[in-house]
Structures are given as structure tokens and as C-alpha cells.
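Observations on the three-dimensional arrangement
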Protein chains: 2
Amino acid sequence: MPTIRSNNVVSLTTSPIKNMSFVEKVRLLDYWKIQDSALQNEFPRSHLVLMVDRRLLVTKDAPEVRMVEHSYGELKQLLGEYGLQFDLSNSCLLDALPADNDMIPLFGTSIEAADPPEDSPISKKDVLKQLGNSLGGRFTDIRMAMLTMREERQRNLLAKFQSLTKWAATYRRCPKCAAALKMRSSKSGAECVTCQRVYYPTFSPVSITLITDPTNEHALLVRHRGSAGGVFTAVAGFAHTGESMAECARREIAEEVGIEVDSIRSLDMSQPWPMPDSSLMVAHVAVANMDQKISVCPDELETAQWFSRHQVRQAMETTLADPFLKKLPLTLDDRQTLHYIPPAGAIAHQMIRKWVDGKIDCHNSRM
Amino acid sequence: MPTIRSNNVVSLTTSPIKNMSFVEKVRLLDYWKIQDSALQNEFPRSHLVLMVDRRLLVTKDAPEVRMVEHSYGELKQLLGEYGLQFDLSNSCLLDALPADNDMIPLFGTSIEAADPPEDSPISKKDVLKQLGNSLGGRFTDIRMAMLTMREERQRNLLAKFQSLTKWAATYRRCPKCAAALKMRSSKSGAECVTCQRVYYPTFSPVSITLITDPTNEHALLVRHRGSAGGVFTAVAGFAHTGESMAECARREIAEEVGIEVDSIRSLDMSQPWPMPDSSLMVAHVAVANMDQKISVCPDELETAQWFSRHQVRQAMETTLADPFLKKLPLTLDDRQTLHYIPPAGAIAHQMIRKWVDGKIDCHNSRM
């Protein structure tokens, strides 16, 4: 254990690390986040999860998609065999893990693989496949990993990994004075070397709202422009400065679907989501009259339609039976028909499932 | 009415503006936000609220604190008499207001008043007092205005005004490439003139949590370092990337108070708050055992204590009877004693009041 010097962290020596309490873990992470030298000392003892060329290393052929975790030494050696390197500069702090009678950091490392020479008999795709095998997994698309990981902890760690990696790559200069930003080793903040302003990873609250009719027997679902064919979901959008979450839900629904809702209520579910921009999605339910004329915002949506509970249940069952959406409809007509809802890793899936199972009463007063 | 050309806005000519629907208003605002030329045309027809030297113009001697609104022409003339000017560059778009059979923008304008010459017989303070009188109001501290405004709409417009003004003053250069950012006239976004990246006003979700004991008869309240003497409130903190709202609440309570909570639940209340940094506060309730040892984070808090419902009710009544906290305790001992809760404009006040009135059941399952 490092000795804790930061005066906003209580000494951790009061209890054996193997039994470190949640409070002690939180305060150790808080210390590592701001103390670069301490984190640098921990780096060679750390465990890491990996992205190469923005693709995530996950378990191979396992029923459950999970990130593959390596020790620093293992990863150094295995990547070295492919001429690949990593260091603290392309890593971000994700968590603290118990180890023996100690705690070690979990990092996310994101590296780029050089293209093989033009005359190389082997393609980059093959190289990454081999590399994945050597690392005991395979490389996959980050969005698909988010959508299909079963464990909330895995999804939230991946959301953090992707968000911090993207933020640290973007925030290099002070938006106020254009001087260089000194990035913390943890990637949890950056300070301007000239004006000393500190910037933190940016992400925004998003309202995601399941719209039901007053009978609670129908739900309004939408298809986003360019999304996979036949997949319908709930209406979501970024909160604007000066809005409450409920005002955000009401405005987004008016903007995107062209209808008015009331009885907006929190479902007490939220999920960090890292793409296209980093957000924290907060789930709501709202009620709308089905006789309102729907006019979708064409920049955002392809269509918005009311469906019966039975129709939505069928799409939910199709999605659960085909979790990777492999049988996605290809014909143009089919694309606009409800076949799927988002996979189980999406908060939209969990909201819709709750509603299908009759566990959301749109009229339930909250207090 | 401007003709709407943006293809993500439906034509507004279908209904007379005086009966403009919520959907049409939302889409008009969305159009003004991104169409600088349209907003520039509207500017001379707009209404404005005002900050001078970061102090807000509010109603004078009225029982209720409200922002004073002027027409563009009125404000131009009244400020001109003091040699003060404003234009679109120091204004941000706050709302759309019905006017006759039309809609006009509501802007927030923030200007600086020059210091009077050294040999001037009249101080700047006096100048601002006179200016306030001429403008039919007085200038006040923004935080105090947020805390004492009764109307949610007024508070949220002020939060937007303060947040956008601060953001637009900070985001001048691209954090990625350091080139100039072209700020929208509405201040709702800025685009890099070189790499075309678009940046939006930054604000973060915050969890604010009322902690009760398992009997729901006691609440744990805290005093922030440097806050007004005798004022206790709920535990709040910024969400980190990759956390759900509930995980944020649990971590913040561990970091700041050193205890573990469970049964974290949304109260379905949220409030935008513009200082010290822009945030969207989301209210929660959580349960903790009173036998846990409290160890506050000294950087953030002066103290954290359990109080009975009766003690909290007394502080609430004191606060309602003295809404501007004018009788704040001055002695050092008194500062650490519960006398007040935050004024009625704060979401903390509304949460604590709900709990005092027995309207928060800490064991109430949400579904």
C-alpha cells in the first residue's frame, strides 16, 4: 500500500487491505486519480484491459461477453511479440482490484497497430486475429460489446474506458487560452499549464423515455436514422443547459416525434453510455394521447410508431432469442417494421422489458 | 415569423402563432439556436434580462425575486444613458416568448461596467445602484437569486443564463487543435474553424442524496467548507464517467462522509444549478446505519451529523421565516450547529421539506 499523503484521504492502514472497505477503496481511487507519482508506481503492478485500433479485447467463444484482463507483465510480453507497446500515456484508470493483501489498479489501455508493409502476405485483419488469439480472446466492436455484455459492471467499466480514452485524446489544449493541458495519468482531469484552469472528462445527461398511451397498453417506439434495420427503441436526447430531466424528456419528444406528453416520471434506472458522445442516460416514462399527429425530425429519426404490448413482447422475444441481432432484416420495407428492440445491454431494453412485463404503471404517482 | 428553412424544423405556418403549440415553440427555438442569421434578424425584436459585472437585475422591493425583462429598445436607451452598450456577442438565447401574434426571443445579456475615473465623486457601487433604479430593479448576487426565486422557470432560465455566459467566455479555442472556435449567436454550441469539431455547453450530472436511518426518523446533513454558518444540507457530488446515478450517490457519500449506504432511490426531482460549475442535480434518498463512524473529507466538508426529524423541522421553519438567512449565526460554535437548511430555491430544500413532511418513505420500493 502506498502511504496516503493527500489530506482528503484518510489513512488506509487502519484495516488489512484484503478486507478493504468500500469507503477505503473509494478514497484510494480518489488518491490515485490525482497523485500521478503514486499511480506511476502502481502501474507495473496493475491489471489491464485492452483496445487495439478502437476494438475491444473480449472473451472468445464464451457464452458471456466480458473484457479480457491481463497483468502488466503478461501484456507487455504478449504485445511485445507483435512489436506493440503500451505505457501510462495511453492508459486510463478504471478501478481498484483486490490482490493478495493489497489493492492494485485496473487500467484500460488503447493502442494502434501499425499497418503491415504493402508487400506483406498477411493482412492487418489477420494480424489482429492472431493477436487476439495470443491474448486469449478476440477483438470486437465497442458498441456491440456494450449492447451484449450481461454484467452492468463490465458495461460501465467499458463506458468509462471508451469515454476517458476519447476525452484524453481530444483535450490537449486549454479552450480558454490555447496553452497545453497537462493530463493526469489517470485521465480523470487536465490542467492548463498557463492559466491553471482544470478540465474534467465531459459527458452529458440524456433523458430516455418510454412513451405509453393513457391505457398503458401501447408504447411509442422510434427508429433512428441509419440504425440497424427493424430495431425500434425509446426516445432519447441530450439535456440542454437549464433544463430539469423532466423538461428535457418533454422537449426531446416534441423535437423528435412532434407530440406532447405528460405524467413524466423517473424509472430510477440510469446507464453511462460512451457513444457517439459520452452520456449518462436517465430512464423515464411519459404518457401521450395516440390521436396526436406524429411528425418525426428527419435528421434524427426514420420513423416513430405506436405498438401494442403484444407486438413489443414479440420483438423482445425475438431479440432475446437472437441477442446479436444476426437475422436483421435486409429489405427496405422490412427495415421499417418492428422486429427487434435493442439488445439486453441497453437501458432501452431494460425499460421496454419492464413495461412488457407490466412492471411500469404509467399512472403511478411517485410519492 | 421567419420562414423556417432548416430541414429538421416543420413549417410553423400551420397554426396562428398566438396559439403556437409547445412542439412548434420547441422547434422554433431549435431553429434559432443553429441559424445565426435568423437569430440576428430577431435580436432587435427581442426581450432581454440583464447581468452587469456578474450581478443580476431583479425586481426591487417585490416580495418575490424575479428577473426584470426589458424590450431591446428600452434597454438600448436606458443603458445608453450610462454609456453602456450590448449586442448579440454578449447575449445568449434563453427562451421564446409569445408577442402579439408572433414569437420573439428572450435573451440574457451580460456586460461589464467601466470603473468611474479615480477623481470621480461617485463610486461604482453608487453608479450600479442608480443604474438599477433606472432599469426598475436592483442588482443582486446570482447565487442568492437562485436560492430565493420562487418560480422554477425563473431559476432554470437564470441557470441557463449563467451557464451559457460562463461557457461562451471559456470556449474560445478548440481543445483538440487550438484553432479558433466559431461561437453560435445563441451560445448553444461552437465549431472549430479548422477541424470542424462542434462543442456544446458543458455541464455534469450531480447526485444529491438525503440520507436517512433505517427508521426514517433521522437524517444525515452536512456543512460544506466555507458555507454560511449554521446551514446544513444534503450530500452532493459530480458523477464520474462510467457511473450510474446510484453508483455516483454511493461513491460520493463514501468519499465525503465515510459511510456506506444502501436502498438508494431516485426522488424524481432534478434541478439545473450553474455554480461553481454547471450541473444538473438529481435527487435521491438512501439509507445508512447510524452506528457507522463518520469521517468527513476535510477538503469538502466542515461536519456531517445525524439530526432528528424534529430538529430538521425546526431548521426548516427557521429558514422559511428568514428566507434570506439574514440572522445567520456568527460565533464559531454556532456555525457548526443546525440553524438553517438551504433556502426554498434549492432542490436540497425541497427534498428535506418532503422528508420533514413525511412524504419520503425510505423503504418504498419504486415499482
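The model shown is predicted, which means the values in this text are computed figures rather than measured ones.

Cut-offs applied
- Counting starts from 1 at the beginning of each chain's written sequence and moves along it residue by residue.
- All chains are assigned letters beginning with A, and all ligands numbers beginning with 1, in the order in which they are written.
- Only residues with pLDDT of at least 70 are given local features in this predicted model, and only at 80 or more are side-chain atom pairs given and counted; all residues enter the totals for whole chains, interfaces and linings.
- Only hydrogens and water are set aside when side-chain values are computed; all heavy atoms of the structure are taken into account.
- Put simply, DSSP H or I for four residues or longer makes a helix, DSSP E for two residues or longer makes a strand, and each gets a number counted from the N terminus.
- For the radius of gyration, the atom set is restricted to C-alpha positions; the globular benchmark scales as 2.2 Å times the number of residues to the power 0.38.
- Relative accessible area decides the class of each residue, using a 1.4 Å probe on protein chains only: under 20% of the type maximum gives buried, over 50% gives exposed, and in between gives partly exposed.
- In what follows, a contact means two residues having at least one pair of non-hydrogen atoms within 4.5 Å.
- Residue burial considers only the protein chains on display, and all accessible areas are found by Shrake-Rupley using a 1.4 Å probe.
- Note that His is not counted, nor are the chain ends; the positive residues are Lys and Arg, and the negative ones are Asp and Glu.
- Every charge is mapped onto a representative atom, which is NZ of Lys, CZ of Arg, CG of Asp or CD of Glu.
- Whether two aromatic rings pair depends on their centres lying within 6.5 Å, for rings of Phe, Tyr and Trp, where Trp uses its six-membered ring; planes under 30 degrees apart make the pair stacked, over 60 edge-to-face, and the rest tilted.
- Charges are assigned to positions over rings by a cutoff of 6 Å between ring centre and Lys NZ or Arg CZ, combined with an angular limit of 35 degrees from the ring normal.
- Under this definition, polar contacts are N or O atom pairs within 3.5 Å; protein pairs additionally need one hydrogen-donor-capable and one acceptor-capable atom, and for neighbouring residues in sequence, both atoms have to be side-chain atoms.
- When a carboxyl oxygen of Asp or Glu lies within 4 Å of a side-chain nitrogen of Lys or Arg, that pair is called a salt bridge.
- Charged means Asp, Glu, Lys or Arg here, nonpolar means Ala, Val, Leu, Ile, Met, Phe, Trp, Tyr, Cys or Pro, and polar covers whatever is left, Gly included.
- Whenever a helix is involved, its axis is fitted only over the stretch in contact; in every case the axis is a line through C-alpha atoms, and angles between N-to-C directions fall within 0 to 180 degrees.
- Here the angle decides the label: under 35 degrees means roughly parallel, over 145 means roughly antiparallel, 65 to 115 means roughly perpendicular, and every other value means oblique.
- Residue-level confidence of the predictor, termed pLDDT, takes values from 0 up to 100.
- UniProt positions are given in the numbering used here, feature names are shortened, and annotations may be inferred rather than shown by experiment.
- In this description, strands pair whenever DSSP reports at least two bridges between them.
- A domain assignment, automatic or from a database, supplies the domain bounds used here.
- Note on definitions: buried area is the accessible-area loss of two parts on being combined, 1.4 Å probe, summed for both.

1. Some thoughts on the overall build of chain A
- A count of helices and strands for chain A gives 10 helices and 15 strands.
- For chain A, whose C-alpha radius of gyration is 23 Å, the value lies close to the compact-globule estimate of 21 Å for 367 residues.
- With respect to the principal axes defined by its C-alpha atoms, chain A has extents near 65 × 55 × 45 Å.
- In chain A, buried positions account for 56% of the 367 residues.
- In chain A, the share of contacts with a sequence separation of at least 24, taken over all contacts with a separation of at least 6, comes to 66%.
- Of the accessible surface of chain A, which amounts to about 15,600 Å², a share of 50% is contributed by carbon and sulfur atoms.
- Charged side chains in chain A number 43 positive and 44 negative. The centres of these two groups are separated by 3 Å.

2. Quick word on the packing of aromatic side chains
- Counting across every chain of the model gives 14 aromatic pairs over all chains.
- Taken together, a centroid distance of 6.4 Å and an interplanar angle of 45 degrees make the contact between Tyr171 of chain A and Tyr199 of chain A tilted. Of this pair, Tyr171 of chain A sits in the loop between helix H6 (152-170) and strand E7 (181-183) while Tyr199 of chain A sits in strand E9 (residues 198-199), and the two are 28 residues apart along the sequence.
- Geometrically, the ring pair formed by Phe43 of chain B and Phe86 of chain B is edge-to-face, given 6.1 Å between the ring centres and 75 degrees between the ring planes. Here Phe43 of chain B is found in the loop between helix H2 (36-42) and strand E1 (47-52), whereas its partner Phe86 of chain B is found in the loop between helix H3 (72-80) and strand E4 (91-99), with 43 residues between them in sequence.
- Across from the ring centre of Phe86 of chain A, 4.7 Å away, lies the NZ or CZ of Lys76 of chain A, which sits over that ring.
- Geometry around Phe22 of chain A places Arg250 of chain B over its ring, the cationic atom sitting 3.8 Å from the centre.

3. Quick notes on the side chain of Ser186 of chain A
Residues and elements named next belong to chain A.
- The topology assignment puts Ser186 in the loop between E7 and strand E8 (190-192).
- Residue classification places Ser186 among the buried residues on the basis of a relative accessible area of 1%.
- Side chain to side chain, Ser186 and Ser188 meet in a polar contact 2.8 Å long.
- The contact partners of Ser186, leaving out residues within four places of it in the chain, are Trp32, Lys33, Leu39, Cys92, Leu93 and Leu164.

4. Details of the interface of chain A and chain B
- Counting from both sides, the interface comprises 69 residues of chain A and, opposite them, 69 residues of chain B.
- Where chain A touches chain B, the interface holds 0 salt bridges.
- Between chain A and chain B we count 24 residue pairs in polar contact (both at pLDDT 80 or more) in total.
- Elements represented by at least two residues in the side of chain A that touches chain B include exactly helix H1 (22-34), H6, strand E10 (204-212), helix H7 (245-257), strand E13 (262-273) and strand E14 (279-287) of chain A.
- Broken down by element, the residue count for the side of chain A that touches chain B peaks at 9 residues, all from H7 of chain A.
- Along the lines of polarity and charge, the residues of the side of chain A that touches chain B split into 30 nonpolar, 17 polar and 22 charged.

5. Observations regarding the packing of H1 of chain A against helix H7 (residues 245-257) of chain B
- The geometry of H1 of chain A relative to H7 of chain B is characterised by a closest axis approach of 9 Å and an angle of 85 degrees between their N-to-C directions. What the angle tells us is that H1 of chain A and H7 of chain B run roughly perpendicular. Residues Phe22, Val23, Val26, Arg27 and Asp30 of chain A of H1 of chain A form the contact with H7 of chain B, whose participating residues are Arg250, Arg251, Ala254, Glu255, Glu256 and Val257 of chain B.
- A per-class count over the contact of H1 of chain A with H7 of chain B returns 5 nonpolar, no polar and 6 charged.

6. Things to note about the environment of Ser185 of chain A
Residues and elements named next belong to chain A.
- Structurally, Ser185 is set in the loop between E7 and E8.
- For Ser185, a relative accessible area of 9% gives the class buried.
- Spatially, the C-alpha atom of Ser185 lies 14 Å from that of Ser110, the residues being 75 residues apart in sequence.
- Once residues within four sequence positions are removed from consideration, Ser185 is found in contact with Asp36, Leu39, Gln40, Leu88 and Ser91.
- Among the polar contacts made by the side chain of Ser185, one reaches the side chain of Gln40 at a distance of 3.4 Å.

7. Here's the deal with unusual backbone geometry
Residues and elements named next belong to chain A.
- The omega torsion across Met275 and Pro276 is -5 degrees, close enough to zero to call that bond cis.
- Even without being a glycine, Arg54 presents a positive backbone phi close to 65 degrees.
- Tracing the backbone through its elements, the reader meets Arg54 in the loop between strand E1 (47-52) and strand E2 (55-59).
- With a phi angle near 70 degrees, Ala178 is a residue other than glycine that sits in the positive phi range.
- You can see Ala178 is positioned in the loop between H6 and E7.
- On the basis of relative accessibility, which here comes to 12%, the residue Ala178 falls in the buried class.

8. Structural notes on the confidence of the model for chain A
Residues and elements named next belong to chain A.
- With 93% of its residues at a pLDDT of 70 or more, chain A has an overall mean of 91.
- Note on residues 1-17: pLDDT is under 50 here. Beyond four places in sequence and across chains, it has 40 contacts.
- For this predicted complex, the interface score ipTM comes out at 0.92, while the overall pTM is 0.92.

9. Here we look at the UniProt feature "domain: Nudix hydrolase" (unreviewed entry) in chain A
- Per the UniProt annotation, the sites labelled "domain: Nudix hydrolase" (unreviewed entry) are residues 201-329 of chain A.
- The distance separating the terminal C-alpha atoms of residues 201-329 of chain A is 38 Å; by composition the span is 20% helix and 38% strand.

10. What about the pattern of salt bridges?
Residues and elements named next belong to chain A.
- Inspection of every chain in the model, using the stated rule, returns 32 salt bridges over all chains.
- The salt bridge involving Asp53 is made with Lys124; its shortest N-O contact spans 2.9 Å. Taken as a pair, Asp53 in the loop between E1 and E2 and Lys124 in helix H4 (residues 124-134) lie far apart in primary sequence, 71 residues in all.
- Judged by its relative accessible area of 23%, Lys124 is partly exposed.
- Residues joined by salt bridges that share partners form a network here, namely Glu243, Arg251, Glu252 and Glu255.

11. Considerations on the sheet that holds strand E9 (residues 198-199) of chain B
Residue and element names in this part refer to chain B.
- If you trace the 3 strands from one edge of the open sheet to the other, you get E7-E8-E9, paired in antiparallel fashion. The sheet terminates laterally at strand E7 (181-183) and E9, the two strands that pair on one side only.
- Bridge analysis of E7 against strand E8 (residues 190-192) gives 3 bridges, and the strand direction is antiparallel. By the bridge assignment for E8, Lys182 is matched with Glu191.

12. Overview of the pairing of E1 of chain A
Residue and element names in this part refer to chain A.
- In terms of burial, E1 is a largely internal element, 5 of the 6 residues being buried.
- Two elements, E1 and strand E5 (residues 102-111), share 6 bridges in a ladder whose sense is parallel. Within E5, the position partnered with His47 by the bridge is Leu106.
- For E1 and strand E3 (residues 70-71), the ladder comprises 2 bridges, and the chain directions are antiparallel. Counted as the bridge partner of Leu48 is His70 from E3.
- Bridging between E1 and E2 involves 2 bridges; their strand directions are antiparallel.

13. Describing the domain arrangement of chain A
All names here are of chain A.
- For chain A, the assigned domains are domain 1 (22-165), domain 2 (169-199) and domain 3 (204-357).
- On the domain 3 side, the residues contacting the 14 residues of domain 1 number 15 residues.
- Counting the surface domain 1 buries against domain 3, the share from its top three residues, Arg143, Met146 and Leu147, is 40%.
- Counting across the domain 1 and domain 3 interface gives 0 salt bridges.
- Linking domain 1 with domain 3 are 3 residue pairs in polar contact (both at pLDDT 80 or more).
- Contributing elements (two or more residues each) for the side of domain 1 that touches domain 3: helix H5 (142-148) and H6.
- Taken together, the residues of the side of domain 1 that touches domain 3 sort by class into 7 nonpolar, 4 polar and 3 charged.

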